[in-house]
Amino acid sequence: MPLPAAAFSFVISSAPAHADLKLCNRMSYVVEVAIGIDHQAATATRGWFRIDPAACRVVAQGTLTADRILLHARALGLYGSSPAPQGGADTLCIAEQNFVIAAARQCRSGQTPAPFTQITPTQTDDGHLVAYLAENSEYDDEQARLAGIQRLLVIAGYDASPIDGTDGPKTQAALNAFLKSRGLNAEAVQQPTFFAKLIEAVQSPSAAGLTWCNDTPHRIMAAVATDDGKTVTSRGWYRIDPGKCLHPDVTGQPRQIFSFAEAVDNDNRTVKYKHKVLTWGGTTQLCTRESKFEINEQNDCGTRGLSAAGFAAVDMSGGSKTLRFALP
């Protein structure tokens, strides 16, 4: 069975902020993290720090003078309906690419507000500070790493489900097939670059399943929907950078697959081309929402506070399909 929808949470305890601050990822997602430093009525933010499952990263070195430490985390856009960002009491400014913002409570052009959560990290035996990112499944490091590998294998088209952080013949078969396809030996799994190799595979054209490829100069946000004969489920948003490809994680054998995509700018606003919104879709109206989503009920989208978008049916009769998004 698939895992229930997860949310970012932070395992914390009281400790003074006086040493290196380290964040550790016990989620099954590769995440990007931004930190906020609140001190004497001034608030600054900095990001992004990328952290693989079961890995840690120092995000502030040396003595940290702060009244409060705040955190915002997001999963990579290739995951589609990944855990929603945490709900925080503070709204601070971030940017899409790597950033340092000195006055982070008043957003300027190219900056967007985001919820930040206050954390009080644990002090470790070596005197440093650590906070853990966790999800509902409460993985330990070994389970988080394996679940992270399973999740990316599934998106890349290898059947490593269920995503549960538990090893078994099915996971090993999917992993071996991936290694063989990329010309890698078994030792590659333990290398620190292995998640980067999995992500590279997810963002490359595939000979099986559905692949999206972005041939425009704009960032594209895409959504996929599946009809298994009983339920139509729509899921998004998947981020596809210019020049990249991506496989949405379509599992099982749905009777029909649908696709919708739109180009967005750095402020996440839809892009217009020759006075028309730049989208790729069709006539099948299905539910979406502005933030990441997975929706199983497709009736009365508007009355339920959702949006409706025109999805296009994808012909998968050949076993694979690559949709290339290009300027008209």
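One structure accompanies this document, and this report is about it.

What counts and how
- All residue numbers here refer to positions counted from 1 along the written sequence of the relevant chain.
- Restriction of local features to residues with pLDDT of at least 70 applies here, the model being predicted, together with a cutoff of 80 or more for giving and counting side-chain atom pairs; totals for whole chains, interfaces and linings are based on all residues.
- As a rule here, side-chain values cover all heavy atoms of the structure and leave hydrogens and water aside.
- Strands are runs of DSSP state E lasting at least two residues, helices are runs of H or I lasting at least four, and both sets are numbered from the N terminus onward.
- Only C-alpha atoms enter the radius of gyration, while the globule expectation follows 2.2 Å times N to the 0.38, with N the number of residues.
- Working definition of accessibility: Shrake-Rupley area with a 1.4 Å probe, residue cover restricted to the visible protein chains.
- Within this scheme a cavity is a closed region of a 1 Å grid, computed over the protein atoms alone, that accommodates a 1.4 Å probe without allowing it to escape, whereas a pocket is open but has protein on both sides within 12 Å along at least five of seven lines; lining residues each have an atom within 4 Å of a point.
- Grid points are joined across faces, edges and corners, and a volume is the space filled by probe spheres set on the points.
- For this classification, Asp, Glu, Lys and Arg are treated as charged, while Ala, Val, Leu, Ile, Met, Phe, Trp, Tyr, Cys and Pro are nonpolar and the rest, including Gly, are polar.
- Side-chain rings of Phe, Tyr and Trp, where Trp is taken by its six-membered ring, are said to pair if the distance between their centres is within 6.5 Å; with planes under 30 degrees apart they count as stacked, over 60 as edge-to-face, and otherwise as tilted.
- The cut-offs for exposure are 20% and 50% of the maximum accessible area for each residue type, with area from a 1.4 Å probe on protein chains only; residues under the lower value are buried, those over the upper are exposed, and the others partly exposed.
- All axes here are fitted lines through C-alpha atoms, helices being fitted over the stretch that makes contact, and every angle between N-to-C directions spans 0 to 180 degrees.
- Roughly parallel here means an angle under 35 degrees, roughly antiparallel means over 145, roughly perpendicular means 65 to 115, and every remaining angle is called oblique.
- Note on contacts: a residue pair qualifies if any of its non-hydrogen atoms lie within 4.5 Å across the two residues.
- Any two strands with at least two DSSP-identified bridges between them are counted as paired.
- In this description, the term disulfide denotes a pair of cysteine sulfurs within 2.5 Å.

Focus: the overall build of the protein chain
In terms of regular secondary structure, the protein chain is built from three helices and 23 strands. Taken against the 2.2 N^0.38 rule, which gives 20 Å for 328 residues, the C-alpha radius of gyration of the protein chain at 21 Å falls within 12% of a compact globule. When its C-alpha atoms are laid out on the principal axes, the protein chain stretches across 60 × 50 × 35 Å. Carbon together with sulfur atoms contributes 48% to the accessible area of the protein chain, which is approximately 16,100 Å² in total.

Overview of empty space enclosed by the protein
Using a probe with the size of a water molecule, rolled over the atoms, empty space left in the structure can be pinpointed. In this structure the tally under the stated criterion is one cavity of 30 Å³ or more. In this structure, the largest cavity occupies an estimated 30 Å³ of space. If you go around the largest cavity, the residues you meet are Gln203, Arg239, Ile240, Asp241, Lys244, Cys245 and Leu246. When residues of the lining of the largest cavity are traced back to their parent elements, those giving at least two are strand 14 (232–240) and strand 15 (245–246). Looking at the lining of the largest cavity residue by residue, the classes come out as three nonpolar, one polar and three charged.

Notes on the layout of surface pockets
Here the largest pocket is characterised by a volume of approximately 1,400 Å³. For the lining of the largest pocket, the secondary-structure elements that each account for two or more residues are strand 4 (42–51), strand 6 (68–75), strand 7 (90–95), strand 9 (111–119), strand 13 (219–227), strand 14, strand 16 (256–264) and strand 22 (307–314). Here the lining of the largest pocket is composed, by residue class, of 19 nonpolar, 14 polar and 14 charged.

Looking at the packing of aromatic side chains
Per the counting criterion, the structure on display carries nine aromatic pairs. Ring centres of Tyr158 and Phe178 lie 5.8 Å apart, and the angle between their planes is 85 degrees; this geometry places the pair in the edge-to-face category. In this pair, Tyr158 is assigned in the loop between helix 1 (141–155) and helix 2 (169–182) and Phe178 in helix 2, connecting sequence segments 20 residues apart. By relative accessible area, Tyr158 is classed as partly exposed at 22%.

Notes on the packing of helix 2 against helix 3 (residues 194–202)
Running from amino to carboxyl end, helix 2 crosses helix 3 at an angle of 80 degrees, the nearest separation of the two axes being 12 Å. Classed by the angle they form, the pair helix 2 and helix 3 counts as roughly perpendicular. Contact residues: Leu175, Phe178, Leu179 and Arg182 in helix 2; Phe194, Lys197, Leu198, Glu200 and Ala201 in helix 3.

Observations concerning the sheet that holds strand 6
Strand order in the open sheet made by the six strands is 7-9-6-3-4-8, with antiparallel pairing throughout. Edge positions in the sheet fall to strand 7 and strand 8 (99–101), since each has one partner strand and no second. Going across the sheet, the axis of each strand differs from the next one's by a mean of 30 degrees, ignoring polarity. Both strand 3 (residues 31–39) and strand 4 contribute to a ladder of eight bridges, which runs antiparallel. Its bridge partner lying in strand 4, His39 is registered against Ala42.

With respect to the state of the cysteines
If you walk through the whole model with that rule in mind, you get four disulfides. Linked covalently through their sulfurs, Cys93 and Cys107 form a disulfide whose S-S length is 2.1 Å. One disulfide, between Cys93 and Cys107, carries an S-S torsion of -105 degrees and so falls in the left-handed class. Placement of the pair is Cys93 in strand 7 and Cys107 in the loop between strand 8 and strand 9, with a sequence separation of 14 residues. Classification of Cys93 as buried rests on a relative accessible area of 1%. Residue classification places Cys107 among the partly exposed residues on the basis of a relative accessible area of 35%. Between the sulfur atoms of Cys213 and its disulfide partner Cys245 the distance amounts to 2.0 Å. As the torsion about the S-S bond is roughly 105 degrees, the Cys213-Cys245 disulfide counts as right-handed. Highlighted residues: Cys213 in strand 12 (residues 209–214) and Cys245 in strand 15, separated in sequence by 32 residues. Each member of the pair, Cys213 as well as Cys245, carries the same accessibility label: buried. Once the bonded cysteines of the protein chain are numbered in order along the sequence, the disulfide links fall as 1-2, 3-4, 5-6, 7-8.

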